[in-house]
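# Geometric and topological summary
Here is what each chain is made of, one letter per residue.
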Amino acid sequence: MDSAALDLLLAHLASLDVMQQTTAGYRTTEFGANLRADAGNGFTNMLLRLDSAAGRAELAFVELAHSITTGQAAYPRRYGKDFWADLAEQPRLRESFDQQMTLRFQHQVPRIVAAFDWSRFANIVDVSGGQGTLLAAILTAHPEMHGHLVDLAPTAADASRTFSAHGLDDRTDVTAGSFFDPLPAGADAYLLFDILHDWDDEHAHRILARCVAAAHPTGRILVVEAVGRQRSTSEMDLAMLVICGGRERELDEFRTLGLAHGLILDTVTTLTEERQLLEFRLEASGL
Ligand SMILES: C[S@@+](CC[C@H](N)C(=O)[O-])C[C@H]1O[C@@H](n2cnc3c(N)ncnc32)[C@H](O)[C@@H]1O
């Protein structure tokens with residue numbers, strides 16, 4: 001460690017209110033304490049490490065101009081492959097991404113479960129449900145429900161472990177697979193939680209088409225997102241574009257996406273300050 005260089009850094013961090021100078025040296029401010037390894041919020045382990053999925057993705061912002069001039073993701077330009085292909089090739093990245101996803105809403109899960117009447121659905125498919133934390137909480141709150149989680153293989157294996165740990169093996173199925181392939185058929189609801197914003201319209205249509213093809217005729221498609229201009233932040237809007245080529249869509253854009261598949265937007269439920277649930281029904285069902 002070069003002490004003069006470290007001093008420059010600490011002085012700069014003090015100017016940003018991350019550190020505070022004391023007679024003995026420097027200490028973290030209340031704000032800066034969020035960045036400490038022992039803060040328990042995953043910042044240091046997952047978001048600030050440049051070798052984590054989030055840290056690596058942040059570096060794609062170096063190619064921001066590419067995204068702004070083309071409307072395409074910057075990630076492939078920086079790394080030669082898209083975000084998901086990169087995660088598939090590097091298990092450590094995949095692992096850090098899945099953990100980040102679980103950590104990001106762990107404190108909000110009880111509110112998400114309480115804010116919507118999930119018990120209306122005897123069978124629900126969580127399409128790309130990550131490590132299964134949310135589905136496990138929904139099923140625990142509603143013992144009459146059955147859940148089926150689909151996600152890519154390593155993540156699906158984690159979800160199986162989550163369900164076993166919650167004693168939910170009897171009421172869950174897990175499929176390792178892609179939402180670009182046929183989904184488990186006949187369920188009452190298909191949940192897409194923070195999925196469509198990862199994708200451009202062409203891919204979002206392909207995902208919705210798979211949900212509609214699989215759903216029971218009276219089934220519902222439940223899209224949870226940070227709806228653009230209502231719940232999303234400008235930072236997340238840009239991140240979705242730069243990292244995945246996706247975006248936070250506005251309500252009318254979701255309505256239009258759905259209509260192309262005969263989906264009618266029925267209700268919008270606020271789950272948290274950041275997320276809304278858009279419930280679509282199939283036009284053909286008439287219900
Ligand atoms: C933003 S995360 C959201 C995960 C979860 N729904 C949640 O809210 O925590 C996106 C998810 O999409 C999954 N995913 C990406 N490409 C996929 C594909 N082709 N088929 C199925 N899942 C995919 C990822 O593995 C990841 O779990």
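Residues numbered from 1 in each chain as written. Predicted model: local features only at pLDDT ≥ 70, side-chain atom pairs only at ≥ 80, totals over all residues. Heavy atoms only, no water.

## Comments concerning the overall build of the chain
Applied cut-off: Segments assigned H or I by DSSP are reported as helices when at least four residues long, segments assigned E as strands when at least two residues long, and all are numbered from the N terminus. A 1.4 Å probe rolled over the protein chains alone gives each residue an accessible area, and that area as a share of the maximum for its type sets the label: buried under 20%, exposed over 50%, partly exposed in between. Any two residues whose heavy atoms approach within 4.5 Å at even a single point are treated as in contact. All accessibility values rest on the Shrake-Rupley procedure with a 1.4 Å probe; residue burial counts only the protein chains present in the view.
A count of helices and strands for the chain gives 13 helices and nine strands. Across the 287 residues that make up the chain, the buried fraction comes to 46%. Of the contacts formed within the chain by residues at least 6 apart in sequence, a portion of 62% connects residues at least 24 apart. In the form shown here, the chain has an accessible surface area of approximately 14,300 Å², with 54% of it arising from carbon and sulfur atoms.

## Here's the deal with the UniProt feature "domain: O-methyltransferase C-terminal" (unreviewed entry) in the chain
Rule in force here: UniProt positions are given in the numbering used here, feature names are shortened, and annotations may be inferred rather than shown by experiment.
UniProt annotation of "domain: O-methyltransferase C-terminal" (unreviewed entry) refers to residues 61–258 when read in the numbering used here. For residues 61–258, the helix share is 47%, the strand share is 14%, and the end-to-end C-alpha distance is 31 Å.

## Comments concerning the nonpolar core
Quick note on the threshold: In plain words, nonpolar cores are sets of buried Ala, Val, Leu, Ile, Met, Phe, Trp, Tyr and Cys residues tied together by side-chain atoms within 4.5 Å. The domain boundaries here were taken from an automatic or database domain assignment.
If you look at the biggest cluster of nonpolar residues, it comprises 45 residues, and the most contacted ones within it are Phe 83, Tyr 190, Leu 192, Leu 196 and Ile 221. In terms of residue count, helix α11 (residues 201–214) provides more of this core than any other element does, six residues in total. Counting contributing residues, this core receives three or more from each of domain 2 (41–104) and domain 3 (105–285). Once residues lying within four places of it in the same chain are set aside, the contact partners of Ile 221 are Tyr 190, Leu 192, Leu 208, Cys 211, Val 212, Ala 215, Leu 263, Leu 278, Glu 279 and Phe 280. Ranked by size, the runner-up nonpolar core spans 25 residues in total, among them Val 113, Ile 138, Leu 139 and Met 145.

## Brief notes about the layout of surface pockets
Over the atoms, a rolling probe the size of a water molecule traces out where space has been left empty. Keep this limit in mind: Lining residues are those with an atom within 4 Å of a point, where the points come from a 1 Å grid over the protein atoms alone and group into cavities, where a 1.4 Å probe fits but cannot get out, or pockets, open sets with protein on both sides within 12 Å along at least five of seven lines. Grid points are joined across faces, edges and corners, and a volume is the space filled by probe spheres set on the points. Put simply, Ala, Val, Leu, Ile, Met, Phe, Trp, Tyr, Cys and Pro go in the nonpolar bin, Asp, Glu, Lys and Arg in the charged bin, and everything else, Gly too, in the polar bin.
Roughly 250 Å³ of internal volume is contained in the second largest pocket. Contributing to the lining of the second largest pocket are 14 residues, with Ala 73, Asp 200, His 203, Cys 244 and Gly 245 lying nearest its centre. Contributions of two or more residues to the lining of the second largest pocket are made by α5 (75–79), α6 (83–89) and α12 (234–244). Residues of the lining of the second largest pocket, tallied by class, amount to eight nonpolar, four polar and two charged. Taken domain by domain, the makeup of the lining of the second largest pocket includes at least three residues from each of domain 2 (41–104) and domain 3 (105–285).

## Describing the pattern of salt bridges
Threshold: Note on definitions: salt bridges are taken to be side-chain nitrogens of Lys or Arg within 4 Å of carboxyl oxygens of Asp or Glu.
Applying the stated criterion across every chain yields a total of 21 salt bridges. When the shortest N-O distance is used, the salt bridge between Glu 89 and Lys 81 registers 3.2 Å.

## Structural notes on the site of the ligand
Inclusion rule: Throughout this document, a residue counts as near a molecule or strand when at least one of its heavy atoms sits within 4 Å of that molecule or strand. Side-chain atoms alone can form a polar contact between residues adjacent in sequence; in general such a contact is a pair of N or O atoms within 3.5 Å, and within protein one must be able to donate a hydrogen while the other accepts it.
Around the ligand, a shell composed of 20 residues is seen, among which Arg 94, Arg 104, Ser 128, Asp 151 and Phe 193 lie nearest. Interatomic distance of 2.6 Å between a side-chain N/O atom of Arg 94 and an oxygen atom of the ligand. For the shell around the ligand, the element with the most residues is helix α7 (residues 91–104), which contributes four residues. For the shell around the ligand, the class distribution of residues is 10 nonpolar, five polar and five charged. Taken together, domain 2 (41–104) and domain 3 (105–285) each give at least three residues to the shell around the ligand, which thus spans both.

## Considering the pairing of strand β4 (residues 146–151)
In summary, the side chains of a regular strand alternate between the two faces of the sheet. Formally: Think of it this way: DSSP has to see at least two bridges between two strands before they count as a pair. Look down the strands so they point away from you; if the path from the first strand over the helix to the second goes clockwise, the crossover is right-handed.
With five of six residues buried, β4 is to be regarded as a mostly interior element. Judged from the five bridges that link them, strand β3 (residues 123–127) and β4 form a sheet pairing that is parallel. The partner of Val 125 across the bridge, within β4, is His 148. As for the winding sense of the linkage, the β-α-β connection from β3 through helix α9 (residues 133–141) to β4 is right-handed. In terms of strand pairing, β4 meets strand β5 (residues 172–176) through five bridges, oriented parallel. The partner of His 148 across the bridge, within β5, is Asp 173.

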